[in-house]
Amino acid sequence: MTMLLVRRAAQTAVRTNQRRSFSASQTHPNQRKGLVLGVFEKEGEEGSFNLTEAAAAFDQALSGKLSELLKISGPTLKKGKNRLFYGIHKDFPCVAVVGLGKNNAGVCGTENWDTSKESIRQAVSAGCRSLQDLEVNHVEVDACGDAQSAAEGAALGLFQYDQLKSKKKTKVTTQLHGSADSASWEKGVMYAEGQNLARLLMEAPANHITPTAFANTIEEKLAPHAELVTIKKRSQAWIEEQQMGAFLSVSKGSEEPPVFLELHYNGSPDSKQAPLMLVGKGITFDSGGISLKPSPSMDAMRADMGGAATVCASIVTAAALKLPINIIGLAPLCENMPSGKATKPGDVVTARNGKTIQVDNTDAEGRLILADALCYGHTFNPRAIVNVATLTGAMDVALGSAATGVFTNSDWLWEQLHKASVVTGDRVWRMPLFQHYTRQVTDSQLADLNNIGKYSRSGGACTAAAFLREFVTAPHWAHLDIAGVMSNKDEVPYLRKGMSGRPTRTLVEFAAGLSHNG
């Protein structure tokens, strides 16, 4: 029954917002149709505006009625706000006009993102949600000058995890209005669907997304791309053969068997091309183990597999886009639970590379499972390794939900990740990997390493990164700590409250950049 629910949830998430047709003239029986159109602020003239190309054509077809209504219905639309009009066009009973801010705002060096793209995502999502609230179930969307960003705003803004509720939001299908850039729209839909898959996995309860269920869901999602993808669901016996003592030390407290999920996407025409390695922390529920977490908000730890969710969703998206690159994804999946078999504070375990680790806090478990996965990842001689993990509360304290923290030994890799994040608006920020922090994890009373820093909470995100570095020999490695961006309250306007699926789109854009630039 659990797997059936997971399967239905995954299928529903994909069907939502996935309309692949771009003809504005199609009829949709029994559908209430809506339209989202954009308007820019006119610089230097208070109270005036410029219509987008699609909005101007719509206005012209109505002999200027839309412009007239905008002028008399209130002040100029501010960025991200929308205004609804009813009965002005026979094909669209409801029209949402959305404020896009200033035209051609472009990349902002201070904000580290493309303001125009972010404004479009924000505005389109607001318009689509307003129409959804009116139970409009099919929406045509103005490209607003950037069809990909418009598609992302629509699909991300409409996503709602309500699979387990009796009363559900109106399901809305979207399509591009007019004959603008359909290829970019399609690309935006796929980027957003990737993030929505990660959101689905992260939001679902831990009794539905166990390590086994997670692996099966990803296998199902990759089934349409079987000719390019190899999936290996490694069992506990294999994990033991690989001598992944750090990973096993975390999983052994739970009744749920661990799974080491290995994905190979072979998209490059050159089969011998060194792969990009993506590694995701896959703790499907984190109680803290014997070092038990406080009960308030412990339910959110169903999303402690956010690293695995974003990595696997990125590979699903790369396959859908048919990116010409080879990618290997690794996701050590298990629960961290207290029991008579669980690891105890002070225990010493041995990682795959032979290093011993004194486990002084069983709630610092993510770095343990990643340590073995990173060691294994090196055996494929990757061109770069990027690991993603909801690793430390300290990361949330440092950056909040503004950006993913990046710790890397490679300036080149940092530049690629940063460039991708400017495009997607899902930002990254570089953090230090000083020897200062390494000394705090290598000073251990009983073993080679301690899984927590010598000075406990001080620089917790940095000492966690320093710990991981002890299992890395590759010249291009980056650790992405996504604990701060795991969930969304209202900080990202085009994401509803809940698990965010960040930074899936940035990972996809990063992989796309590598695939096209070598």
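Residues numbered from 1 in each chain as written. Predicted model: local features only at pLDDT ≥ 70, side-chain atom pairs only at ≥ 80, totals over all residues. Heavy atoms only, no water.

## With respect to the pairing of strand 20 (residues 477-481)
For strand 20, the tally of buried residues reaches 5 of 5 residues, placing the bulk of the element in the interior. Both strand 16 (residues 384-389) and strand 20 contribute to a ladder of 5 bridges, which runs parallel. Opposite Ile385, over in strand 20, you have Trp477 as the bridge partner. Across 4 bridges, strand 17 (residues 404-408) lies against strand 20 in antiparallel orientation. Paired with Gly405 across the strands is Asp481, a residue of strand 20. (Buried < 20%, exposed > 50% of the residue type's maximum accessible area, 1.4 Å probe, protein only. Helix = DSSP H or I, 4+ residues; strand = E, 2+ residues; numbered from the N terminus. Pairing = 2+ DSSP bridges.)

## Observations concerning unusual backbone geometry
With an omega of 0°, the peptide bond running from Arg502 to Pro503 counts as cis. For Pro503, the position within the fold is in the loop between strand 22 (498-499) and helix 16 (504-517). Located in the positive-phi region is Asn112, a residue other than glycine, with phi close to 60°. Inspection of the secondary structure puts Asn112 in the loop between strand 5 (107-108) and strand 6 (113-114). On the basis of relative accessibility, which here comes to 15%, the residue Asn112 falls in the buried class.

## A closer look at the confidence of the model for the protein chain
Per-residue confidence for the protein chain gives a mean pLDDT of 93; residues scoring 70 or more make up 93%. Taken together, the stretch residues 1-28 has pLDDT below 50 and engages in 68 contacts with residues farther than four places along the chain or on a different chain. (pLDDT = per-residue confidence, 0-100. Contact = heavy atoms within 4.5 Å.)

## Some thoughts on the sheet that holds strand 14 (residues 347-350)
Across the sheet, which stays open at both edges, the 3 strands sit in the order 14-15-19 with mixed pairing between neighbours. Either end of the sheet is taken by a strand with one partner, and the two such strands are strand 14 and strand 19 (449-450). Summarising the sheet, strand 14 and strand 15 (residues 356-359) pair through 4 bridges and their orientation is antiparallel. The residue bridging Val348 from the neighbouring strand is Gln358, located in strand 15.

## Some thoughts on the layout of surface pockets
In this structure, the largest pocket encloses a volume near 960 Å³. Surrounding the largest pocket, 33 residues form its lining, Lys293, Asp363, Thr392, Gly393 and Ala394 being those nearest its centre. For the lining of the largest pocket, the elements supplying multiple residues, two or more each, are helix 11 (366-377), helix 12 (393-399) and helix 15 (460-469). Looking at the lining of the largest pocket, the element that brings in the most residues is helix 12, giving 4 residues. For the lining of the largest pocket, the class distribution of residues is 13 nonpolar, 11 polar and 9 charged. (1 Å grid on protein atoms, 1.4 Å probe; cavity = no way out; pocket = protein on both sides within 12 Å on 5 of 7 lines; lining within 4 Å. Points joined across faces, edges and corners; volume = space filled by probe spheres on them. Nonpolar A, V, L, I, M, F, W, Y, C, P; charged D, E, K, R; others polar.)

## Quick look at helix 16
End to end, helix 16 covers 20 Å across 14 residues, agreeing with the expected 20 Å (1.5 Å per residue, within 8%). By the burial criterion, the buried members of helix 16 are Thr504, Arg505, Thr506, Leu507, Val508, Glu509, Phe510, Ala511, Ala512, Gly513, Leu514 and Ser515. (Expected span 1.5 Å × (residues − 1).)

## Overview of the nonpolar core
In terms of nonpolar packing, the biggest core is built from 63 residues, with Phe214, Leu261, Tyr265, Leu276, Ile327, Val386 and Leu480 touching the most fellow members. A total of 9 residues in this core trace back to one element, the largest contributor, which is helix 10 (residues 306-321). Sequence-distant contacts of Ile327, defined by excluding residues within four places in its chain, comprise Leu263, His264, Tyr265, Leu276, Leu278, Ile315, Ala318 and Ala511. With 48 residues, the next largest nonpolar core counts Leu368, Leu370, Ala474 and Trp477 among its residues. (Core = buried A, V, L, I, M, F, W, Y, C linked by side-chain atoms within 4.5 Å.)

## Let's talk about the packing of helix 6 (residues 182-203) against helix 16
One way to put it is that helix 6 packs onto helix 16 with a least axis distance of 8 Å and a crossing angle of 135°. Judged by the angle between their axes, helix 6 and helix 16 are oblique. Pair helix 6 / helix 16 crosses with right-handed handedness. Of the residues in helix 16, those touching helix 6 at Tyr191, Gly194, Gln195 and Ala198 are Thr504, Arg505, Val508, Glu509 and Ala512. (Axes fitted to C-alpha atoms, helices over the stretch in contact; angles between N-to-C directions. Parallel < 35°, antiparallel > 145°, perpendicular 65-115°, else oblique. Left-handed = near helix turned anticlockwise from the far one by under 90°.)

## Considerations on the pairing of strand 13 (residues 326-336)
Most of strand 13 sits inside the fold, with 11 of its 11 residues counted as buried. Taking every second residue as pointing to the same face, both faces of strand 13 are buried, with Asn326, Ile328, Leu330, Pro332, Cys334 and Asn336 on one and Ile327, Gly329, Ala331, Leu333 and Glu335 on the other. In terms of strand pairing, strand 10 (residues 259-266) meets strand 13 through 8 bridges, oriented antiparallel. Across the sheet, residue Val259 finds its bridge partner in strand 13, namely Leu333. Direction of pairing for strand 11 (residues 276-280) relative to strand 13: parallel, over a ladder of 4 bridges. When the sheet's bridge partners are listed, Leu278 is paired in strand 13 with Gly329. Sheet topology note: the strand 12 (residues 282-286)/strand 13 ladder contains 4 bridges and is parallel. Paired with Phe285 across the two strands is Glu335, which belongs to strand 13.

## Examining the side chain of Thr115
Structurally, Thr115 can be placed in helix 4 (residues 115-133). For Thr115, the residues in contact, after removing those within four places along its chain, are Lys79, Ala105, Gly106 and Cys108.

## Thoughts on the packing of helix 13 (residues 411-424) against helix 16
Where helix 13 contacts helix 16, the two axes come as close as 8 Å, and the packing angle between them is 120°. Taken together, the axes of helix 13 and helix 16 are oblique relative to one another. Relative to helix 16, the crossing made by helix 13 is right-handed. In this structure, helix 13 uses Trp412, Leu413, Gln416, Leu417, Lys419, Ala420, Ser421, Val423 and Thr424 to contact helix 16, whose residues at the interface are Arg505, Thr506, Glu509, Phe510, Leu514 and Asn517. The residue inventory of the contact of helix 13 with helix 16, partitioned by class, reads 7 nonpolar, 5 polar and 3 charged.

## Here we look at the packing of aromatic side chains
The full count for this structure, using the stated rule, is 8 aromatic pairs. Geometrically, the ring pair formed by Trp238 and Tyr376 is edge-to-face, given 5.2 Å between the ring centres and 85° between the ring planes. Taken as a pair, Trp238 in helix 8 (residues 236-241) and Tyr376 in helix 11 lie far apart in primary sequence, 138 residues in all. An identical accessibility class is assigned to Trp238 and Tyr376; each is buried. Here the aromatic cluster, defined as three or more aromatic residues joined through ring pairs, consists of Trp238, Phe247, Phe260, Tyr376 and Phe380. A cation over an aromatic ring shows up here: Arg427 above the ring of Trp113, its NZ or CZ 4.0 Å from the ring centre. (Phe/Tyr/Trp six-rings, centres within 6.5 Å; stacked < 30°, edge-to-face > 60°. Lys NZ or Arg CZ within 6 Å of the ring centre and 35° of its normal.)

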